[in-house]
Amino acid sequence: MSYQHIKVPQNGEKISVKNGRLVVPEQPILGFVEGDGIGADITSAALRVWDAAVATAYGARRKVHWCELYMGEKAAGLYQGDYFPEETIAALRDLLVSIKGPLTTPIGGGFRSLNVSLRQKMDLYACVRPVRYFAGVPSPLRKPEEVDVVIFRENTEDVYAGLEYRSGSEENQKLAKFLREELHAEFVEGAGLGVKPISAFGSKRLVRKAIQYAIEHGKSTVTLVHKGNIMKFTEGAFRNWGYEVATQEFREVIVTEEELWEHHDGKLPSGKILLNDRIADIMFQLLQLRPAEFEVLATTNLNGDYLSDALAAEVGGVGIAPGANIADHIAVFEATHGTAPKYANQNKVNPSSLLFSGVMMLEYIGWREAAELINRAFIQVLAEKTVTYDFARLLPGATTVSTSGFADALIAKINSPR
Ligand code: NAP
């Protein structure tokens, strides 16, 4: 495929899919989008750390060949104002595995969030956020080491579907008339209206992915999080479809909470996975008071958005939380925070969110040794209290370093692993 601005590295090979599985060459081409605001600082720092970890883990045998792709302000400069060029979408599909920095969403003016557009255009239906504690990270919890949860958030439906009708608009009035006259709905005159679509298809593929993850990673609990007590035909349906997919497609491994008490005296048989469900509001409390009870959460879009940041806050905040948007074979890993424009180009912020998204990406392509080198280096650097400003605020006696300085400290540990 030839592109206008994207230069695909000549020496690497593309990742492919064979019999439904990813085939990763020793020298794969991976895409990266630098991102806006602090994107340039964190991306250049993280790229150096990932490359160092791969070189230390595998020597000359393995190397990532990075291919820069353009979205956001950098794209607009290159492609006559186009923030999300078609050739970037084509390249994300072609390369299969990519990583991106944060992107600005201009407020108002009919400009849709680029992140939401990316997820919907490419049908990246699962937003995956692993949240775990690293020793030394400042935390408000008494036992932060109990937090080790992976959130699977549905990415394409719910109130994010963009079905909103402004108060007073013609569409709003048409819809209000239909709702009142045909469905006898009652609501305040002139209310803004939104639609919350949740389908069996969307719910089941998300829950399926969460259960598959639990099986592959030896997890013993998957929890469906919903607000089905209030929104019965959307959130409640998500819960019901979740149980359906679990009991119909994974019967040999799944034990529901009801079955646990009816047939197993409350004790999960070994090798089985408990499927339970919790209402979203109580989940916020449980994740603070008893996080050890949860391993994998599968949830709808808006619940997942709130839960991801709330849980991340327990173990270091969005400056360190990683994430990925995943379809069946295409994956776009991403920093979970925004562009923090006031810190742009100051070489100041914490690159760890993007860095750990890259660790997830290395694990995703099966390069666990390189991923583990970064995890270990991070713990060592933190133990020495060498941190960026955000952690320094919370860690008395810390040495504050820049974004690139933090990367240098990690690389020094990676190059001489203990
Ligand atoms: P933000 O960019 O995440 O920044 C909010 C605050 O979080 C910062 O002021 C900073 O706190 C802290 N922070 C964020 N990243 C950090 C890092 N790497 N290291 C240390 N601290 C960090 O959120 P926002 O200001 O609401 O949004 C700014 C823009 O980003 C908007 O255009 C928004 O649409 C966009 N956005 C993009 C994404 C994405 O691309 N995935 C996600 C969210 C928002 P202190 O000021 O306390 O130091």
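### Thoughts on the packing of helix α11 (residues 352-364) against helix α12 (residues 368-383)
The contact between α11 and α12 brings their axes to 7 Å, and the two run at 150 degrees. Between α11 and α12, the crossing angle belongs to the class labelled roughly antiparallel. In this structure, α11 crosses over α12, and the sense of that crossing is left-handed. Contact residues: α11 offers Ser 352, Leu 355, Phe 356, Val 359, Leu 362 and Glu 363, while α12 offers Arg 368, Ala 370, Ala 371, Ile 374, Asn 375 and Phe 378. Split by residue class, the contact of α11 with α12 holds eight nonpolar, two polar and two charged.

### Some words on the pattern of salt bridges
Scanning all chains against the criterion turns up 24 salt bridges. The partner of Glu 26 in a salt bridge is Arg 61, and the shortest N-O contact between them spans 3.0 Å. Note that Glu 26 is positioned in the loop between β2 (21-23) and β3 (29-33) and Arg 61 in the loop between α1 (39-58) and β4 (65-69), a separation of 35 residues in sequence. We note a salt bridge from Asp 408 to Arg 48, for which the minimum N-O separation is 2.8 Å. Of the two residues, Asp 408 sits in helix α14 (residues 403-415) while Arg 48 sits in helix α1, which places them 360 residues apart along the sequence. Judged by its relative accessible area of 41%, Asp 408 falls in the partly exposed class. What you see here is one network of salt bridges that share partners, running through Glu 26, Arg 61 and Arg 62.

### A few points about the site of the ligand
Near the ligand there are 22 residues, and of these Gly 338, Ala 340, Lys 342, Tyr 343 and Tyr 389 occur at the shortest range. For the ligand, a nitrogen atom lies 2.8 Å from a polar atom in the backbone of Asn 350. The contact in question runs from an oxygen atom of the ligand to an N or O atom on the side chain of Tyr 389, over 2.5 Å.

### A closer look at the pairing of strand β14 (residues 322-326)
Judged by how many residues are buried, β14 sits mostly within the fold: five of five residues are covered. Where strand β6 (residues 126-132) lies against β14, three bridges are found, and the strand directions are antiparallel. Bridge pairing in β14 links Val 128 to Ala 324. The pairing of β14 with strand β15 (residues 331-335) spans five bridges and is antiparallel. When the sheet's bridge partners are listed, Gly 323 is paired in β15 with Glu 334. Turn length for the β14-β15 hairpin, with the two strands adjacent in sequence and antiparallel, is four residues.

Calculation notes
All residue numbers refer to positions counted from 1 along the written sequence of the respective chain. For this predicted model, a pLDDT threshold of at least 70 governs which residues receive local features, and a threshold of 80 or more governs which side-chain atom pairs are given and counted, while totals over whole chains, interfaces and linings are taken from all residues. To get the side-chain values, take all heavy atoms of the structure and skip hydrogens and water. Fitted lines through C-alpha atoms give the axes, limited to the stretch in contact for helices. The angle between two N-to-C directions lies from 0 to 180 degrees. A run of H or I in DSSP counts as a helix once it spans at least four residues, and a run of E counts as a strand once it spans at least two, with each numbered from the N terminus. Just so you know how the angles are binned, under 35 degrees is roughly parallel, over 145 roughly antiparallel, 65 to 115 roughly perpendicular, and the rest oblique. Each crossing gets its handedness from the near helix: less than a right angle anticlockwise from the far helix is left-handed, clockwise is right-handed. Any two residues whose heavy atoms approach within 4.5 Å are treated as being in contact. Charged residues are taken to be Asp, Glu, Lys and Arg, nonpolar residues to be Ala, Val, Leu, Ile, Met, Phe, Trp, Tyr, Cys and Pro, and polar residues to be all remaining types, Gly included. Salt bridge, as used here: a side-chain nitrogen of Lys or Arg that lies within 4 Å of a carboxyl oxygen of Asp or Glu. The rule is simple: take the accessible area with a 1.4 Å probe, protein chains only, and divide by the maximum for that residue type; under 20% is buried, over 50% is exposed, in between is partly exposed. We define proximity as follows: a residue is near a molecule or strand when any one of its heavy atoms falls within 4 Å of that partner. Any pair of N or O atoms that falls within 3.5 Å is considered a polar contact. Within protein, one atom must be able to donate a hydrogen and the other to accept it, and sequence-neighbouring residues count only if both atoms are side-chain atoms. In this description, strands pair whenever DSSP reports at least two bridges between them.

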